[in-house]
Amino acid sequence: MLKDLPLLVSLGLFAVAAVAVWMAGGRLARDISDLADRMGMSQGFAGMLILGGITSLPEIATAGSAALTGSPHLAITNLLGTGSVNILLLVVADLMIAGTALAALVRSSSVLLQGLLGMVLMTAAAALALIGDVEMASTGLGWGTTGLFVACAGAIFLASRYEKHPGWTATGKRGQSERAAGPDESHASTLMLTLRVAGAGAVILVAGFALSQTADGIAADTGIGTGLVGITLLALATSLPELSSIRTALTIKRYDLAVGDVLGTNLFNIAVLFVVDVAYRDGPAMAEPETFSGVAALLAVIMIGLYLAGQMARRVQTFLRLGLSSWAILASYAGGLTLLWYIRP
């Protein structure tokens, strides 16, 4: 296993995998943006469904391998801890935009719906972690993770229906989330764009898996606790695809695509809890109550709520290049990490 490599080898492989993921994620955002234009799909929904799904592949590989090797708790902590790290990426995105808060530039109401659905499902995941799951008819699967998987599928369905009949759209001149209407900038055929998206997804899957495995090995060699590994080092490693794609989305002024990527990834990560359950065959993976994972999920709920509040307020003012919602997110993350340090397993 990659996690058993010597520390220096793990560090080198981690760096190579990080570069591969960064390059693939950047190319992916451009191609998906062009595909969305050709398919008549909004950038926010494309970010959630396609970009969010693909950038969740490292978490799927990490969670499945951890469960298969008898470490479901690390997988669960990673999946629930990544939720807050992903929202932290929106703060990084705020730094990349000069003079205007990112939350004021997002215009699609479908992005707001995605965030609200994500908050509901993450709250349910937190409750499941705190009280523990119950086995479903001697199948080895839990009622809770199965229900969360079905609920995530339902959330994607609701978002797709809302995509066709949005209730409202932001107005005014506070920000422009989409480029001017017209043909996309790519000269590649739709088939070629699709193949490039698939290729980038494959690179992200393989390199993302290498990132997570070497991060686990580095953490073990340096003596960091398992819970903190899941919510910091491992979560940051598996969030690199999102950071790369967000950077590219901001470069081409597809702000809805960037935010949809983050919110979509969080939604898919909740669904991946079911994958952990399937891979782990000694009963429900979340059978035992876990305060650490539950608090990590609640931290993500708070941070999502703070971002959505900023999007609804749509204040363009920034302080030291960050909007007010970004500062609130940073404060909540610092407070959450402090609490998690004291309750770490």
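Residues numbered from 1 in each chain as written. Predicted model: local features only at pLDDT ≥ 70, side-chain atom pairs only at ≥ 80, totals over all residues. Heavy atoms only, no water.

Peer 1: Now, about the overall build of the protein chain: what can you tell me, with residues and values included?
Peer 2: What the protein chain contains, in helices and strands, is 12 helices and 2 strands. Ordering the α and β elements of the protein chain from the N terminus gives α-α-α-α-α-α-α-α-α-α-α-β-β-α. Out of the 345 residues in the protein chain, the part that is buried amounts to 56%. Pairs at least 24 residues apart make up 85% of the contacts formed inside the protein chain by residues separated by at least 6 positions. Counting every atom, the protein chain has about 14000 Å² of accessible surface; 70% of that belongs to carbon and sulfur. (Helix = DSSP H or I, 4+ residues; strand = E, 2+ residues; numbered from the N terminus. Buried < 20%, exposed > 50% of the residue type's maximum accessible area, 1.4 Å probe, protein only. Contact = heavy atoms within 4.5 Å. Areas by Shrake-Rupley, 256 points an atom, 1.4 Å probe, with all protein chains shown as cover.)

Peer 1: Please provide a residue-by-residue account of unusual backbone geometry, values included.
Peer 2: Positive phi, close to 60°, is recorded for K253, a residue that is not glycine. If you trace the backbone, K253 turns up in the loop between α9 (240-251) and α10 (255-279).

Peer 1: Give me the lowdown on the pattern of salt bridges, citing residues and values where you can.
Peer 2: For the structure shown, the criterion picks out 1 salt bridge. In this structure, R196 and D31 form a salt bridge, with 2.8 Å as the shortest nitrogen-oxygen distance. Taken together, the residues span a long stretch of sequence, with R196 in helix α7 (residues 190-222) and D31 in helix α1 (residues 7-39) at a distance of 165 residues. Of the residues examined, D31 reaches a relative accessible area of 0% and is grouped as buried. (Salt bridge = Lys/Arg side-chain N within 4 Å of Asp/Glu carboxyl O.)

Peer 1: Residue-level account of a nonpolar patch on the surface, with values.
Peer 2: Together, F319, L320, W327 and L330 make up an exposed nonpolar region whose accessible area comes to about 400 Å². Its location among the elements puts L330 in helix α12 (residues 324-343). Its relative accessible area of 30% is what places L330 among the partly exposed residues. (Patch = residues over 30% accessible without salt bridge, like charges linked within 9 Å, V, L, I, M, F, W, Y side chains within 5 Å.)

Peer 1: I'd love a proper account of empty space enclosed by the protein, names of residues and values included.
Peer 2: All chains considered together, the criterion is met by 3 cavities of 30 Å³ or more. Here the largest cavity defines a volume of roughly 50 Å³. As for the largest cavity, its lining consists of L90, V91, D94, L102, A103, Y307, S325, S326 and I329. Residue composition of the lining of the largest cavity, by class: 6 nonpolar, 2 polar and 1 charged. (1 Å grid on protein atoms, 1.4 Å probe; cavity = no way out; pocket = protein on both sides within 12 Å on 5 of 7 lines; lining within 4 Å. Points joined across faces, edges and corners; volume = space filled by probe spheres on them. Nonpolar A, V, L, I, M, F, W, Y, C, P; charged D, E, K, R; others polar.)

Peer 1: For the packing of helix α4 (residues 72-96) against α9, give the residues involved together with the corresponding values.
Peer 2: Packed helix pairs are specified by the crossing angle of their axes together with the interaxial distance, meaning the distance between the axes. The interhelical angle for the contact between α4 and α9, taken along N-to-C directions, is 35°, at an axis separation of 10 Å. Our pair here, α4 against α9, has a crossing hand that is right-handed. Where α4 approaches α9, its residues N86, L89, V92, A93 and M96 are matched on the opposing element by E242, L243, I246, R247 and L250. (Axes fitted to C-alpha atoms, helices over the stretch in contact; angles between N-to-C directions. Left-handed = near helix turned anticlockwise from the far one by under 90°.)

Peer 1: Kindly report on the environment of T194, identifying the contributing residues and their values.
Peer 2: Tracing the backbone shows T194 in helix α7. On a C-alpha basis, the gap between T194 and I32 in space is 8.4 Å, while along the polypeptide they are 162 residues apart.

Peer 1: If you had to explain the confidence of the model for the protein chain to someone new, which residues and values would you point to?
Peer 2: On average, residues of the protein chain score 79 in pLDDT, and 83% of them are at 70 or above. For residues 173-183, every residue scores under 50 in pLDDT, and the model assigns this stretch 30 contacts once sequence neighbours within four places are set aside. (pLDDT = per-residue confidence, 0-100.)

Peer 1: Describe the environment of L116, with residues and values.
Peer 2: Inspection of the secondary structure assignment puts L116 in helix α5 (residues 109-131). L116 sits 192 residues away from L308 along the chain, and the two C-alpha atoms are 8.0 Å apart.

Peer 1: Tell me about the side chain of S325, residues and numbers included.
Peer 2: As for its placement among the helices and strands, S325 is situated in helix α12. Setting aside residues no more than four positions away along its own chain, S325 makes contact with A103, L306 and G310.

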